[in-house]
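Residues per chain, in single letters:
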Amino acid sequence: MSSSLVQTAIPILAYCASSITMTLVNKLVLSGFQFHMVFFMLAVQAFGSVGLMVLANRVGLNVKYRAMNKADAKTWFPVACSQAMMLYTGGKALEYLNVPLFTVFKNLTIIAVAYGEKLVFNAAVTPLMLTSFSLMVLSSIVGAWNDISFTGWGYFWMTLNCFTSATFVIHMRKVIKQVNFQDFDTVYFNNLLTLPLYIVLSLVQENWSGFVVYYSDKTNSDELSLFVRGMLISGVAAFAISYCSPWCLRTTSSTTYSMIGALNKLPIALFAMLWFPDPVTAGGVLAVILGFAAGLVYTHAKNLQKRDQPRGSQVLPPPISMERLGHSDRPSSSRENKQ
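Residues numbered from 1 in each chain as written. Predicted model: local features only at pLDDT ≥ 70, side-chain atom pairs only at ≥ 80, totals over all residues. Heavy atoms only, no water.

**Student:** How would you summarise the overall build of the protein if you had to cite specific residues and measurements?
**Tutor:** Within the protein, the secondary structure is distributed over 12 helices and zero strands. When its helices and strands are written in sequence order, the protein yields α-α-α-α-α-α-α-α-α-α-α-α. Residue burial in the protein is summarised as follows: out of 339 residues, 54% are buried. The contacts in the protein between residues at least 6 apart in sequence include a share of 86% that link residues at least 24 apart. Accessible surface, the protein: about 14900 Å² in total, of which carbon and sulfur atoms supply 67%. (Helix = DSSP H or I, 4+ residues; strand = E, 2+ residues; numbered from the N terminus. Buried < 20%, exposed > 50% of the residue type's maximum accessible area, 1.4 Å probe, protein only. Contact = heavy atoms within 4.5 Å. Areas by Shrake-Rupley, 256 points an atom, 1.4 Å probe, with all protein chains shown as cover.)

If you want it as structure tokens, here you go:
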């Protein structure tokens, strides 16, 4: 195996592993314990991302970001808040829905983004994209029809997540040109700006008194230990996603990167079926396969479309799994400012 192939494979595998880990750990933390602390989990992830970014920068890894400043913070804060809404609603949806169904319905975000870009940026929607949208809708219908653990709250939060995700992607695309953020700038600003917000909302909204009382009981010490480990892994995985995404993009290409994002849905769903005790039905498996095919068709359609676009206007597909999406969803140049 050639060294160049190994150098390409390592970031791809690292991105896939961090994406799968992030999704599965989020599901465990948000539905596997007595208390579902979404804001606290997001605070841990934001702190982990910022802390490990600073550490990586200090030890000489290729993690460079713009220093926090008032002008950029003021411009970027609405984007960071829209990301916070996307992550919160995604966390609530993941609390109620199983992972395969979540990934299937997350595809609907792509449709919302496509027509949002058509409205805001006059972006084209090609016939091949319409074919992928039809597959996405079909996979969602099949998934919902075969959801034997149907919960209305899950679909409510999933619907909100689709709209907030589309809002975040489109809003970020508009504002990022004003501030000229690069790879890790968005990660740093998103997480540092929202960390205080997550902490305050967690203290105000989440049941900390019940949490302390419950886990003060020694009979629940094993569950507490697992909860803490899950939170720590979640924080590390948040940084891993932020680091591996631009690493993979720089090492491969935007086309390969977007295709990996589509292909990665299948192992996420398979691992979730094996790891979690949620019932697996033939219809649920069919919905995952249809969603997987829809992602491939959409990615191919976007890659064909990008061939006719100027480089600066190319935008990668929006998120399709419960990942930290602090990084820019487009190829970025190598010009970065050191901290």
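Structure's up, so let's keep going.
**Student:** Provide a residue-level description of unusual backbone geometry, including the pertinent values.
**Tutor:** One non-glycine residue, Asn122, lies in the positive phi region at around 60 degrees. On the secondary structure map, Asn122 appears in the loop between helix 4 (99-121) and helix 5 (127-145). Residue Asn122 is classed as exposed on the basis of its relative accessible area, which comes to 68%.

**Student:** Mind laying out the nonpolar core, listing which residues take part and the relevant values?
**Tutor:** Among the nonpolar cores identified, the biggest contains 65 residues, and Leu42, Met53, Val63, Trp76, Met158, Tyr198 and Phe227 are the most heavily contacted of them. At 11 residues, the largest contribution of residues to this core is made by helix 6 (residues 152-179). Not counting residues up to four positions away in its chain, the partners in contact with Val63 are Met53, Ala56, Asn57, Phe184 and Tyr243. If you look at the next biggest cluster of nonpolar residues, it comprises 10 residues, including Ile110, Val125, Ala294 and Tyr298. (Core = buried A, V, L, I, M, F, W, Y, C linked by side-chain atoms within 4.5 Å.)

**Student:** Explain empty space enclosed by the protein residue by residue, including any values.
**Tutor:** In total, this model carries seven cavities of 30 Å³ or more according to the counting rule given. Estimates place the volume of the second largest cavity at around 230 Å³. Surrounding the second largest cavity, 20 residues form its lining, Asn98, Pro100, Pro279, Thr281 and Gly284 being those nearest its centre. If you list the elements that add at least two residues to the lining of the second largest cavity, you get helix 4, helix 11 (265-275) and helix 12 (282-306). Looking at the lining of the second largest cavity element by element, the count peaks at four residues for helix 12. (1 Å grid on protein atoms, 1.4 Å probe; cavity = no way out; pocket = protein on both sides within 12 Å on 5 of 7 lines; lining within 4 Å. Points joined across faces, edges and corners; volume = space filled by probe spheres on them.)

**Student:** Any details on the packing of aromatic side chains? Residues and values, ideally.
**Tutor:** Counted according to the given criterion, the structure contains 25 aromatic pairs. With a centroid separation of 4.3 Å and an interplanar angle of 25 degrees, the aromatic rings of Tyr65 and Tyr188 are classed as stacked. You can see Tyr65 sitting in the loop between helix 2 (38-58) and helix 3 (70-96) and its partner Tyr188 sitting in helix 7 (residues 185-205), a full 123 residues away along the chain. Each member of the pair Tyr65 and Tyr188 is classed as buried. Ring centres of Tyr88 and Trp157 lie 5.7 Å apart, and the angle between their planes is 90 degrees; this geometry places the pair in the edge-to-face category. A residue pair is termed long-range when its members are at least 10 positions apart, and Tyr88 in helix 3 and Trp157 in helix 6 qualify at 69 residues. By way of ring pairs, the aromatic residues Phe33, Phe35, Phe40, Trp208, Phe211, Tyr214, Tyr215 and Phe227 are connected into one cluster. Its end group placed over the ring of Phe121, Arg173 keeps NZ or CZ at 4.1 Å from the ring centre. (Phe/Tyr/Trp six-rings, centres within 6.5 Å; stacked < 30°, edge-to-face > 60°. Lys NZ or Arg CZ within 6 Å of the ring centre and 35° of its normal.)

**Student:** Please provide a residue-by-residue account of a nonpolar patch on the surface, values included.
**Tutor:** There is a patch of nonpolar side chains on the surface, built from Tyr96, Trp153, Phe156 and Leu160 and spanning about 390 Å² of accessible area. Broken down by element, the nonpolar patch gets its largest block of residues, three residues, from helix 6. Mapped onto the elements, Tyr96 comes out in helix 3. (Patch = residues over 30% accessible without salt bridge, like charges linked within 9 Å, V, L, I, M, F, W, Y side chains within 5 Å. Salt bridge = Lys/Arg side-chain N within 4 Å of Asp/Glu carboxyl O.)

**Student:** So what about the environment of Phe189? Which residues, and what values?
**Tutor:** Relative to the helices and strands, Phe189 resides in helix 7. Each residue touching Phe189, except ones within four places of it in the same chain, is listed here: Arg66, Ala67, Met68, Asn69, Asp72, Ala73, Trp76 and Phe181.

**Student:** Provide a residue-level description of the pattern of salt bridges, including the pertinent values.
**Tutor:** A full pass over the atoms with the stated rule returns three salt bridges. We note a salt bridge from Arg66 to Asp72, for which the minimum N-O separation is 2.9 Å. Assigned by exposure class, Arg66 and Asp72 land together as buried. Measuring nitrogen to oxygen at the nearest pair gives 3.3 Å for the salt bridge that ties Glu117 to Arg173. You can see Glu117 sitting in helix 4 and its partner Arg173 sitting in helix 6, a full 56 residues away along the chain. Across the pair, exposure class does not vary: Glu117 and Arg173 are buried alike.

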